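# Close look at the chain arrangement
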Amino acid sequence: MSKAKSPDTRIVHTGSDPKSYKGVVNPPVYRASTVLFPTVQAMKDAEKNKFDTTFYGVHGMPTQFALEEAMADLEGGYRAVSVSSGLAAITTALITFLQTGDHLLMVDTTYGPTRNFCNTALKRFGVETTYYDPMIGAGIAELIKPETKVIFTESPGSDTFEIQDLPAIAEVAHQHDIKVILDNTWSAGYYFKPFEYGVDISVQATTKYQAGHADLVLGHIIAKTEKDWRKIKVNVATIGQAVSPDVCYLGLRGLRTLSVRLEQHQESALTLARWLDERPEVDTILHPAFPSCPGHDIWQRDFTGSSGLFSVVLNDYSESQVTAMLDGMDYFAMGYSWGGFESLIVPSDPATIRSATKWKAAGPMLRLHAGQEDVDDLIADLERGFDRLNGRA
Ligand SMILES: Cc1ncc(COP(=O)(O)O)c(C=O)c1O
């Protein structure tokens, strides 16, 4: 664990232990299922201590442990657990704290596959889900039932970027002994420190900004307390969640440059959003750093920055006009996921998925991810795209 106060210094040094690896800077990739023991006693000791030592591949090796240490440090939590994807981090956290007969409060703006998990697997196992308005704040109290065990939050919300009042929600939750879980992927754990705002469990799709290169799928669950961490770790071992050391190696390599990459994503996204805000084709900017985004004041209060992902609502254009725009982009590519070096643009329609809130907008919505390209090239790409949108090209 690094002793440095500055988060940027900690990101470089935490989870690094060259002395244990003959001076090698990065923890090596330990590929293992079998771990050998010299005696029966050594084997028994290792089993008792299987979450903290090398015992069997499924529980992790030094490569996984190094990344977990760095992820816990980044978020300011007690410890982290590596799982196979961001979605696995979400579903594993949920099933750790829920059982048959329980009630879950799920934010209406959650990542689509999280919603799908609630409506299918959790429902099948007898867990009831109620979706709530992301702007509910302390009003969440009215939705709590005796069976409510988890409030799941995602801030900002997927695609529409509402910032939730987590301290207000957590205060109510803790009065009822309810766990607060946060999908903290957008801030990368860098621009928002969840445990200082009442969150109990933070999950991240490490796939995005930590990986940073669109070449791996990985997730982390970070707990504030030892008790919750152990509960998650036991559950992960019970269901056999495991993640390869090769992927963790790449995740840790990406994490070392997180702060400089994020700074660039932030700057480019803000420049693009400011430019888009002046365009006649655009109705609304949904970016937490803009007053037009619901919860902007909470973002100003609780976050230290913004990352590269945001949306714009266009004026009333048809599907075929939007298709003409998107089909001809030179640098903004179409594809899911985000957080990599490349810029992305995708159409999105929240009206088809939300149930607790009604999505009303002037026209179609586009979600953009600002990558590491020169922002002037990205602006020129959007300008040519708007020409196609308007039938001028
Ligand atoms: C907010 C959010 N959480 C979780 C995930 C899931 O991550 P993964 O693709 O690693 O399963 C995504 C993926 O797009 C996401 O946008």
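Residues numbered from 1 in each chain as written. Predicted model: local features only at pLDDT ≥ 70, side-chain atom pairs only at ≥ 80, totals over all residues. Heavy atoms only, no water.

## Notes on the overall build of the protein
Put simply, the rule reads: By definition, any uninterrupted DSSP run of H or I lasting at least four residues is a helix, any uninterrupted run of E lasting at least two residues is a strand, and each is numbered from the N terminus. Throughout, radius of gyration means the C-alpha value; the globule benchmark is 2.2 Å times the number of residues raised to the power 0.38. With a 1.4 Å probe rolled over the protein chains alone, any residue whose accessible area is under 20% of its type maximum counts as buried; one over 50% counts as exposed, and the rest are partly exposed. In this analysis, two residues are considered to be in contact whenever any of their non-hydrogen atoms come within 4.5 Å of each other. The Shrake-Rupley method, run with a 1.4 Å probe, gives the accessible areas here. Residue values count only the displayed protein chains as cover. Positive: Lys, Arg. Negative: Asp, Glu. His and the chain ends are not part of the count. Charge placement uses NZ in Lys and CZ in Arg. For Asp and Glu, CG and CD serve respectively.
Helix and strand counts for the protein stand at 12 helices and 11 strands. Since a compact globule built from 393 residues should have a radius of gyration of about 21 Å, the 22 Å found for the protein is in line with a globular shape. For the protein, buried positions account for 55% of its 393 residues. Sequence separation of 24 or more characterises 73% of the internal contacts of the protein that already satisfy a separation of 6 or more. A total accessible area of about 17,000 Å² is found for the protein, and carbon and sulfur atoms account for 52% of it. Treating the 36 positive side-chain charges of the protein as one cloud and the 49 negative ones as another, the clouds have centres 9 Å apart.

## Considerations on the domain arrangement of the protein
Definition in use: The split of the chain into domains comes from an automatic or database domain assignment. The term buried area denotes the loss of accessible surface (1.4 Å probe radius) that occurs when two parts are joined, taken as the sum for both partners. What makes a salt bridge here is a side-chain nitrogen of Lys or Arg within 4 Å of a carboxyl oxygen of Asp or Glu, nothing more.
Under the domain assignment, the protein is made up of domain 1 (7-255) and domain 2 (258-389). Interface area for domain 1 against domain 2, summed over the two sides, is near 3,400 Å², with a carbon-plus-sulfur share of 61%. Contact with domain 2 buries area across many residues of domain 1, yet W186, Y191 and Y209 alone supply 26% of it, more than any other trio. Our count for the domain 1 to domain 2 interface comes out at two salt bridges.

## With respect to the side chain of T110
Here T110 lies in the loop between β2 (103-107) and α5 (112-124). What T110 contacts, discounting residues up to four positions off in sequence, is R115, F152, E154 and S158.

## A short note on the packing of aromatic side chains
The description of an aromatic ring pair uses the distance of the two centres, along with the angle that the planes make with each other. Our working definition: Any two of the Phe, Tyr and Trp rings considered here, Trp counted by its six-membered ring, make a pair once their centres fall within 6.5 Å; the pair's planes then place it as stacked at under 30 degrees, edge-to-face at over 60, or tilted in between. Placement of a charge over a ring requires the Lys NZ or Arg CZ to be within 6 Å of the ring centre, with the centre-to-atom vector within 35 degrees of the ring normal.
Taken as a whole and assessed by the stated rule, the structure comprises nine aromatic pairs. Relative to F55, the ring of F37 lies with its centre 5.9 Å away and its plane at 35°, an arrangement referred to as tilted. With a gap of 18 residues between them, F37 in the loop between α1 (7-13) and α2 (40-48) and F55 in the loop between α2 and α3 (62-75) connect regions that are remote in the sequence. Members of the aromatic cluster, each reached through a chain of ring pairs, are W186, F192, Y197 and F303. Above the plane of the ring of W229 lies R79, whose end atom (NZ or CZ) is 3.9 Å from the centre. Taking NZ or CZ as reference, R115 lies 3.9 Å from the ring centre of Y131, over its face.

## Comments concerning the pattern of salt bridges
Counted by the stated rule, this structure contains 16 salt bridges. Residues R115 and D108 are paired through a salt bridge, measuring 3.1 Å at the closest nitrogen-oxygen approach. Close ionic contact of D165 with R301 constitutes a salt bridge, the shortest N to O distance being 2.8 Å. Here D165, found in the loop between β4 (148-154) and α6 (166-175), pairs with R301, found in helix α10 (residues 296-302); they are 136 residues apart in sequence, far enough to count as distant. When salt bridges with common partners are traced through the structure, they connect D165, R301 and D302 into a single cluster.

## A word on the pairing of strand β9 (residues 309-314)
So the rule is basically this: Paired strands are those between which DSSP finds at least two bridges.
Across the six residues that make up β9, a large majority, six, are buried. Residues L309, S311 and V313 point to one face of β9 and F310, V312 and L314 to the other, with burial holding for every one of them. In this structure, strand β8 (residues 282-286) lies alongside β9, joined through four bridges in antiparallel fashion. Among the inter-strand pairings, I285 is bridged to a residue of β9, identified as V312.

## Things to note about the site of the ligand
Note the cut-off: Only heavy atoms are used to decide nearness, and a residue is near a molecule or strand if one of them lies within 4 Å of it. Here a polar contact is recorded for every N or O atom pair within 3.5 Å, except that within protein the pair must consist of a potential hydrogen donor and a potential acceptor, and residues adjacent in sequence are included only if both atoms are side-chain atoms. Residues are grouped as follows: Ala, Val, Leu, Ile, Met, Phe, Trp, Tyr, Cys and Pro are nonpolar; Asp, Glu, Lys and Arg are charged; every other residue, Gly included, is polar.
Taken together, 14 residues sit near the ligand, with G86, L87, D183, T207 and K208 positioned nearest. Contacts to the ligand include G86, whose backbone N or O atom sits 2.7 Å from an oxygen atom. In this structure, an oxygen atom belonging to the ligand sits 2.9 Å away from a main-chain N or O atom of L87. A total of three residues in the shell around the ligand trace back to one element, the largest contributor, which is helix α4 (residues 86-97). For the shell around the ligand, the per-class residue count stands at six nonpolar, five polar and three charged.

## With respect to the pairing of strand β1 (residues 79-83)
Most of β1 sits inside the fold, with four of its five residues counted as buried. Two strands pair when backbone bridges link them, and β1 and strand β7 (residues 219-223) are joined in this way by five bridges, in the antiparallel orientation. Bridge pairing links V83 to G219 in β7.

## A look at the sheet that holds β8
As a reminder, the rule being used: Axis definition: a line fitted to C-alpha atoms, limited for helices to the stretch in contact. Angles are taken between N-to-C directions and run from 0 to 180 degrees.
Read from one edge to the other, the open sheet built from four strands follows the order β8-β9-β11-β10, with strand pairing classed as antiparallel. Each edge of the open sheet is held by one strand with a lone partner, namely β8 and β10 (344-348). Pairwise comparison of adjacent strand axes, ignoring direction, gives a mean angle of 25° for this sheet. Taken together, the five bridges between β10 and strand β11 (residues 365-369) define a ladder with antiparallel strand orientation.

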